[in-house]
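# Secondary and tertiary structure notes
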Amino acid sequence: MIETMVRTPEGARPDDLEFLRFPGGEWFLRTGPSFDPEAERFAVVRGGFPDDLLALGMWADVVRRHGKPARVLMPYIPAARTDHDIPCGAAVYAAVIGAFADEVIYADIHSPLAKSTLRGPTLTEIPLGRLASSALPRDYDLVVAPDAGAGERAAIVAEALGAEALGAIPVAHGRKRRDPATGRLDGFELSTPVTGLRVLVVDDICDGGGTFAGLAAAGSFDTAERVDLWVTHGVFSGGERLATNLAPYSRVYSTDSHPGARATELAPHRLHLIDLLDHVLSEGIL
């Protein structure tokens with residue numbers, strides 16, 4: 001999903017550009033009568049669909065030919081989770097993004113290794129603490145990282161919420177195992193008791209929710225006063241399975257960094273989304 005925008009004193013508006021296809025399937029781009037070549041413009045790309053990246057390339061070519069930088073709000077960096085795989089999807093996608101962007105504004109990339117593949121563009125990170133604390137309540141007793149990979153981001157969110165609440169929020173660490181041959185998860189553990197507590201689980205991505213279902217069972221989340229979930233990127237695949245896996249969580253907080261966040265079947269009263277374009281404009285990031 002790609003949107004082309006023009007910066008205005010009031011914020012931003014859609015640019016006068018139209019994406020079209022030749023009969024052979026190739027993208028091309030047509031400028032409209034109100035297209036201003038001197039305007040400050042940027043693109044917004046949510047998700048990691050190949051067509052969007054090719055459309056981004058067409059847009060970048062138009063912008064650069066008018067002597068302007070190609071600034072891209074791409075909060076969800078596609079394939080960042082495949083940073084150890086062969087082929088290395090993180091590196092392949094990063095090469096495409098780097099060819100079409102002079103600046104990439106992103107949120108909570110999966111790992112430092114995935115970030116290191118983004119060579120070329122200027123990288124501007126949306127601060128996770130401010131992002132999460134702009135939507136989350138201030139009443140948590142405990143923040144939980146479901147596995148070792150989530151530990152740093154859980155600590156960042158706990159610190160941000162603790163500063164708002166004028167008190168440190170402790171962080172507990174769960175464990176899980178993934179079978180490399182099948183991808184199946186098991187061996188969930190959470191040694192810290194949650195009975196009677198208001199708990200926030202923090203991670204970067206939710207697909208089908210299997211990690212969060214396993215953690216909830218291992219941690220006896222049914223004994224807590226309330227358990228909420230923060231995931232920066234709500235891919236939210238899985239349909240009915242997702243709703244079942246996230247049933248132990250009272251509220252789910254995320255951003256609209258991926259199209260799946262607004263397409264999910266999760267009940268609207270349980271899902272709270274941050275509009276990232278509004279956030280980066282109001283924070284002066286873009």
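Preceding this paragraph is the structure being described.
Everything quoted here is computed from the prediction, not taken from an experiment.

Per the secondary structure count, the protein chain includes nine helices and 16 strands. By the compact-globule yardstick of 19 Å for 286 residues, the protein chain fits well, its C-alpha radius of gyration being 20 Å. Taking the principal axes of the C-alpha coordinates as reference, the protein chain spans close to 60 × 45 × 35 Å. Looking at the protein chain residue by residue over its 286 residues, the buried ones come to 51%. Within the protein chain, residue pairs in contact and separated by at least 24 positions form 65% of the contacts whose partners lie at least 6 positions apart. For the protein chain, the accessible area works out to roughly 13200 Å², and carbon and sulfur atoms hold 53% of it. Across the protein chain, the centroid of the 27 positively charged side chains sits 1 Å from that of the 39 negatively charged ones.

Turning our eyes to something else, we now look at unusual backbone geometry. The amide bond that connects I86 to the next residue, P87, takes the cis arrangement and shows omega of 0°. Relative to the elements of secondary structure, P87 occurs in the loop between β6 (71–73) and α2 (89–100). In this structure, D108 takes a positive phi of about 45° despite not being glycine. Following the sequence through the fold, D108 ends up in the loop between β7 (103–107) and α3 (112–116). Of note in the backbone geometry, S220 takes a positive phi value of approximately 50° without being a glycine. Within the element layout of this structure, S220 appears in the loop between α6 (210–218) and β14 (226–234).

Looking now at the sheet that holds strand β1 (residues 2–8). Sheet architecture is open: six strands sit in the order β2-β1-β5-β6-β7-β8, paired in mixed fashion. Single-partner strands in this sheet number two, and they are β2 (11–14) and β8 (122–126). On average, adjacent strands in this sheet sit at an angle of 30° to one another, irrespective of strand direction. When β7 meets β8, the two strands line up parallel, connected through five bridges. Across the sheet, I105 pairs through a bridge with T124, a residue of β8.

Procedures and definitions
- In this convention, every chain numbers its residues from 1, walking through the sequence in written order.
- With the structure being a predicted model, the display of local features is reserved for residues of pLDDT at least 70 and the display and counting of side-chain atom pairs for 80 or more, all residues being used for whole-chain, interface and lining totals.
- To obtain the side-chain values, all non-hydrogen atoms of the structure were used and water was disregarded.
- We count a stretch as a helix when DSSP gives it H or I for four or more residues in a row; a strand needs E for two or more, and each element gets its number in order from the N terminus.
- Based on C-alpha atoms, the radius of gyration is set beside the globule rule, defined as 2.2 Å times the residue count to the power 0.38.
- Throughout this description, buried means an accessible area under 20% of the type-specific maximum (1.4 Å probe, protein chains only), exposed means over 50%, and partly exposed covers the range between.
- Contact definition: two residues touch when any of their heavy atoms are within 4.5 Å.
- Computed by Shrake-Rupley with a 1.4 Å probe, the accessible areas treat only the displayed protein chains as cover when residues are assessed.
- By the counting scheme adopted, Arg and Lys are positive, Glu and Asp are negative, and His together with the chain ends is not counted.
- Where a charge lies is defined by one atom per residue type: Lys uses NZ, Arg uses CZ, Asp uses CG and Glu uses CD.
- When DSSP finds two or more bridges between two strands, those strands count as paired.
- Angles run from 0 to 180 degrees between N-to-C directions of axes, and those axes are lines fitted to C-alpha atoms, restricted for helices to the stretch in contact.

Shape descriptors only; they carry no functional weight alone.
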